[in-house]
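Breakdown of the fold
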Amino acid sequence: MDLNNGLQLHGLFLGRAVGAVFGTMLGGWLCDVCPIKIAMCCCIGSSALSVVAVPFAAATGSLHILSGNFFLLGCCGSALVSFTVSAACWSFPGKEVGPILALCNGAFGMTSAALPLAFKVLHMQGQPVAEYSFVAVCAAPPLAFLAASQAPQRPVEKSAEFESDDSCEDDAGMWSAATKRWIAVLAAAVAQFVFSGANSALLGWIVSYADGELHDLEVAPVLVSLLQGSLMLGSFGASRYQQYFALWDLARAQVFLVLLGLLAWLPFTSSVPATVLALTWYGLAGGPLVTYCSTLLNQHCSPTGFQLAVINVGGNFGASAGPFLVGMLMIRLGPQALPCAVAASFCMALLGFAAASLPRFKLMRSNSKTAPLLSEG
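I will try to describe carefully the structure that is included in this document. (Residues numbered from 1 in each chain as written. Predicted model: local features only at pLDDT ≥ 70, side-chain atom pairs only at ≥ 80, totals over all residues. Heavy atoms only, no water.)

Quick word on the packing of aromatic side chains
Applying the stated criterion across every chain, the model contains seven aromatic pairs. On the basis of an interplanar angle of 40° and a centroid distance of 5.6 Å, the ring pair of Phe195 and Phe346 is categorised as tilted. Of the two residues, Phe195 is situated in helix H7 (residues 171–212) and Phe346 in helix H13 (residues 337–376); the sequence distance between them amounts to 151 residues. Here a set of aromatic residues connected by ring pairs shows up, and it is made of Phe195, Tyr282 and Phe346. (Phe/Tyr/Trp six-rings, centres within 6.5 Å; stacked < 30°, edge-to-face > 60°. Helix = DSSP H or I, 4+ residues; strand = E, 2+ residues; numbered from the N terminus.)

Let's talk about a nonpolar patch on the surface
A contiguous nonpolar surface patch, about 480 Å² in accessible area, is contributed by Trp29, Val33, Trp182, Leu186 and Phe306. Where the nonpolar patch is concerned, the elements lending two or more residues are helix H1 (10–33) and H7. Within the secondary structure layout, Trp29 lies in helix H1. According to the relative accessible area criterion, Trp29 is partly exposed, its value standing at 47%. (Patch = residues over 30% accessible without salt bridge, like charges linked within 9 Å, V, L, I, M, F, W, Y side chains within 5 Å. Areas by Shrake-Rupley, 256 points an atom, 1.4 Å probe, with all protein chains shown as cover. Salt bridge = Lys/Arg side-chain N within 4 Å of Asp/Glu carboxyl O. Buried < 20%, exposed > 50% of the residue type's maximum accessible area, 1.4 Å probe, protein only.)

Looking at the nonpolar core
One finds Phe195, Leu262, Tyr282, Leu338, Val342 and Phe346 to be the most contacted residues of the largest nonpolar core, which totals 52 residues. When sequence neighbours within four positions are dropped, the list of residues in contact with Tyr282 reads Phe195, Ala198, Asn199, Leu202, Leu227, Leu231, Val258, Leu262, Gly287, Val342 and Phe346. Counting 22 residues, the second-largest nonpolar core is a separate cluster that includes Ala48, Phe70, Ala87 and Ala136. (Core = buried A, V, L, I, M, F, W, Y, C linked by side-chain atoms within 4.5 Å. Contact = heavy atoms within 4.5 Å.)

Okay, structure coming up:
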């Protein structure tokens, strides 16, 4: 667009972030009020049209038009994420959805890494119309597959959690159950904010970190590819092993392992080999954590599309706020603020897991004390 300063494009990212939040909530609401198959088909088609429009919007020379285009991109793409997560949770009850969401997360990373290579192989690099048109055409196979498949059914709300031995349960019990569910939804959204924010901060600032802390800008692309690849492999690996463990315990263990690796990295942040090992460790252990939030909620209730969308909005906010906050810290404290901030975020997550485990621990202690009395009785 022949701009004098690339920072003038900051409005594009703002437009996409606002569109992502709006699209996520809209997608969750549409999941609950209309046939999800029709909504997904319309969303895929709208997303493809929005992608095709990008080079033409840029040709107008208006940043406002291009920002509006990016708003539509964020809206359609994030609504599609809401549809996908809801369809997966409804089709695979309880813990079964975990490997499916992990595969989706890994496939997203693999596609993101493969598309630039495809542009190079097909000699499209540097031709915006050809590149964006190719991305839009990629929507045709999933659209055809979706049109030929059977739509997932919304789960019927389980009434067992509201039933008791007494037939005259009052509304207070129902309100209590609903309140507990929304507390769980909000807690999952906060966890999604932390994990997505940490991932986005690392991906967003690893080039600046390589230049400022490692003093080797040539290693920056390698670090980006390494982090993307390890995040992808971590998600694919989780689809295989998470089904053999209790997910609540597995999530806490992986948060602890990531924090341990980050703390071991802090004394050696100026070392390239230590950075390579730390990023690989982070991706393999921490990459799958983003999908655990929705899976944990799906294990304990039948979440609505809107509730799953709230969790995804937490991830959207984290993906936008994480790089911004870490960038401010790096301006004030230098490049070393990047690993420190990510380590602090996982320390907060671990404390949150510990706080959430206290009620369960108290319940187990009370059960262990009452069990002998009951057996004697």
